[in-house]
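Geometric and topological summary
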Amino acid sequence: MITIGRKDRICLPGLNLMDLPAKIDTGAYGSALHCHHIAVKEEKGKKILTFDVLDPSHPAYEKQVFRFEKYGDKIVKNTGGEPEHRYTIETEVTIFNETHMVEFSLTNRIQMKVPVLLGRKFLRKRFLVDVNLKDLSHKLKKKKK
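Here is a short report on the structure shown in this document.

A count of helices and strands for the chain gives 2 helices and 11 strands. Counting from the amino terminus, helix and strand elements in the chain follow one another as β-β-β-β-β-β-β-β-β-β-α-β-α. The buried share of the chain, reckoned over its 145 residues, is 39%. Carbon and sulfur atoms make up 50% of the accessible area of the chain, which amounts to about 8,900 Å² in all.

This is the structure:
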């Protein structure tokens, strides 16, 4: 298994988002992505999930509306332990030069310090978490340059 720290930087190539800060959270089962303007719209007889990623204050924000025909929804316990309805998508995550498909629940994380949370479902059987460390994949990437 690869050792990962409490925070790292990831890429979401399917959303064309690179070098995003992510919190590694062994207390969370699933992974979450900060979004806003989350809505399901009907277009040409199909239901389409639309959303914006990040906030205008974030350096990577490009005011791009993402559209997914394939999506899910579920009840997730939020940070406060309260059940919350969320839409979910699957997209690629690149970390430590490896790409994995990950299911993200979409939620407004404006009050949180980082836009991405990676939970146990993603971490299991891949990573060993050392909370004393951070940005290990980012440092590895810099070292290779």
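A separate point is the side chain of T88. Relative to the helices and strands, T88 resides in strand β8 (residues 83–95). Classification of T88 as buried rests on a relative accessible area of 6%. Once residues within four sequence positions are removed from consideration, T88 is found in contact with L49, Y71, G72, D73, K74, E103, F104 and S105.

Attention now moves to the environment of S137. Along the chain, the position of S137 falls in helix α2 (residues 136–144). With 43 residues separating them along the chain, S137 and T94 place their C-alpha atoms 9.8 Å apart. Ignoring anything within four residues of it in the chain, the contact list for S137 reads D8, R9, I95 and F96.

This part takes up a positive patch on the surface. A contiguous patch of positive charge on the surface is contributed by R6, K7, K23, K113, K134 and K139. Looking at K113, the relative accessible area reads 81%, which means it is exposed.

With that settled, consider the packing of aromatic side chains. Throughout the structure, instances matching the rule amount to 5 aromatic pairs. Ring pairs connect the aromatic residues F51, F66 and F68, which therefore count as one cluster.

Summarising the sheet, strand β7 (residues 72–77) and β8 pair through 6 bridges and their orientation is antiparallel. Residue pairing for β8: K77 is matched across the bridge by P83.

How each quantity is defined
Residues numbered from 1 in each chain as written. Predicted model: local features only at pLDDT ≥ 70, side-chain atom pairs only at ≥ 80, totals over all residues. Heavy atoms only, no water. Helix = DSSP H or I, 4+ residues; strand = E, 2+ residues; numbered from the N terminus. Buried < 20%, exposed > 50% of the residue type's maximum accessible area, 1.4 Å probe, protein only. Areas by Shrake-Rupley, 256 points an atom, 1.4 Å probe, with all protein chains shown as cover. Contact = heavy atoms within 4.5 Å. Patch = residues over 30% accessible without salt bridge, like charges linked within 9 Å, V, L, I, M, F, W, Y side chains within 5 Å. Salt bridge = Lys/Arg side-chain N within 4 Å of Asp/Glu carboxyl O. Lys, Arg positive; Asp, Glu negative; His and termini not counted. Charge placed at Lys NZ, Arg CZ, Asp CG, Glu CD. Phe/Tyr/Trp six-rings, centres within 6.5 Å; stacked < 30°, edge-to-face > 60°. Pairing = 2+ DSSP bridges.

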